[in-house]
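A closer look at the structure
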Amino acid sequence: MSDPIIVIARAQVLAEARAKFTAAAHDCIIATRREQGCLAYDMHESLTEPGRFLTVEHWETRADIDRHMAAPHLIAFLNVAGACVSAPPVIEVVEPRSIDRL
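Read on for a plain summary of the structure. (Residues numbered from 1 in each chain as written. Predicted model: local features only at pLDDT ≥ 70, side-chain atom pairs only at ≥ 80, totals over all residues. Heavy atoms only, no water.)

Focus: the overall build of the chain
Where we set the bar: Helix and strand assignments come from DSSP, with helices taken as H or I runs of at least 4 residues and strands as E runs of at least 2, each series counted from the N terminus. Categorising residues by exposure relies on relative accessible area from a 1.4 Å probe, with only protein chains included: less than 20% of the type maximum marks a residue as buried, more than 50% marks it as exposed, and the intermediate range marks it as partly exposed. The criterion used for residue contact is that any of the two residues' heavy atoms lie within 4.5 Å. Only the protein chains shown count as cover for residues, and all accessible areas are computed by the Shrake-Rupley method using a 1.4 Å probe.
Counting its regular elements, the chain contains three helices and four strands. Going from N to C terminus, the chain has its helices and strands arranged as β-α-β-β-α-α-β. C-alpha atoms of the chain, sized along the principal axes, occupy 45 × 30 × 20 Å. Within the span of the chain, comprising 102 residues, buried residues form 34% of the whole. For the chain, the proportion of contacts with a sequence separation of at least 24, taken over those separated by at least 6, is 70%. Summing over all exposed atoms, the chain offers an accessible surface of approximately 6500 Å²; the carbon and sulfur share of this is 57%.

If you want it as structure tokens, here you go:
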């Protein structure tokens, strides 16, 4: 198996919108984990910067990511999330040649 494609997304969520954001994220994460090519998908909140969320995704192929971006559950989450963040999220796609595990 080749190394996964990694997607990292960062977002700053408004304090008053945290509950709405996390509820929508939960539903999206559950559905996304069932998608073809999804190897891992999780979201974390910073312990030192409240409201700073980091999503880490591992996918088999770029085509899997493209299908995910069009999935109804992701579109629904992005519609909710858009009203919950203080700025647009930063999303990075990393296609490593190799991953060293320590």
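A word on the packing of aromatic side chains
What counts is decided by this rule: Think of it this way: a Phe, Tyr or Trp ring, Trp meaning its six-membered ring, pairs with another when their centres are within 6.5 Å, and the plane angle makes it stacked under 30 degrees, edge-to-face over 60, tilted otherwise.
Taken as a whole, this structure holds three aromatic pairs when the rule is applied. When the ring of Phe21 is compared with that of Phe53, the centres are 5.1 Å apart and the planes differ by 50 degrees; the resulting orientation is tilted. Placement of the pair is Phe21 in helix α1 (residues 18-32) and Phe53 in strand β3 (residues 52-59), with a sequence separation of 32 residues. By relative accessible area, which is 3% here, Phe21 ends up buried. Judged by its relative accessible area of 6%, Phe53 falls in the buried class. An aromatic cluster of at least three residues, connected via ring pairs, comprises Phe21, Phe53 and Phe77.

Quick look at helix α2 (residues 62-69)
Residue pairs three or four apart in sequence face the same way in an α-helix, which turns once every 3.6 residues. How we decide: What the arc measures is the spread of directions leading from the helix axis to the C-beta atoms. Contacts described as polar in this section are N or O atom pairs within 3.5 Å, which, within protein, must combine one atom able to donate a hydrogen with one able to accept it, while residues neighboring in sequence count only if both atoms come from side chains.
For α2, every residue scored as buried is listed here: Asp64, Ile65 and His68. Looking down the long axis of α2, one finds its buried residues gathered within 100 degrees of arc, a one-sided arrangement. Residues of α2 that are buried in the fold lie against β1 (5-12), α1, β2 (38-45), β3 and α3 (72-82). Its side-chain oxygen placed 3.4 Å from the backbone nitrogen of Ala63, Thr61 serves as the N-cap of α2.

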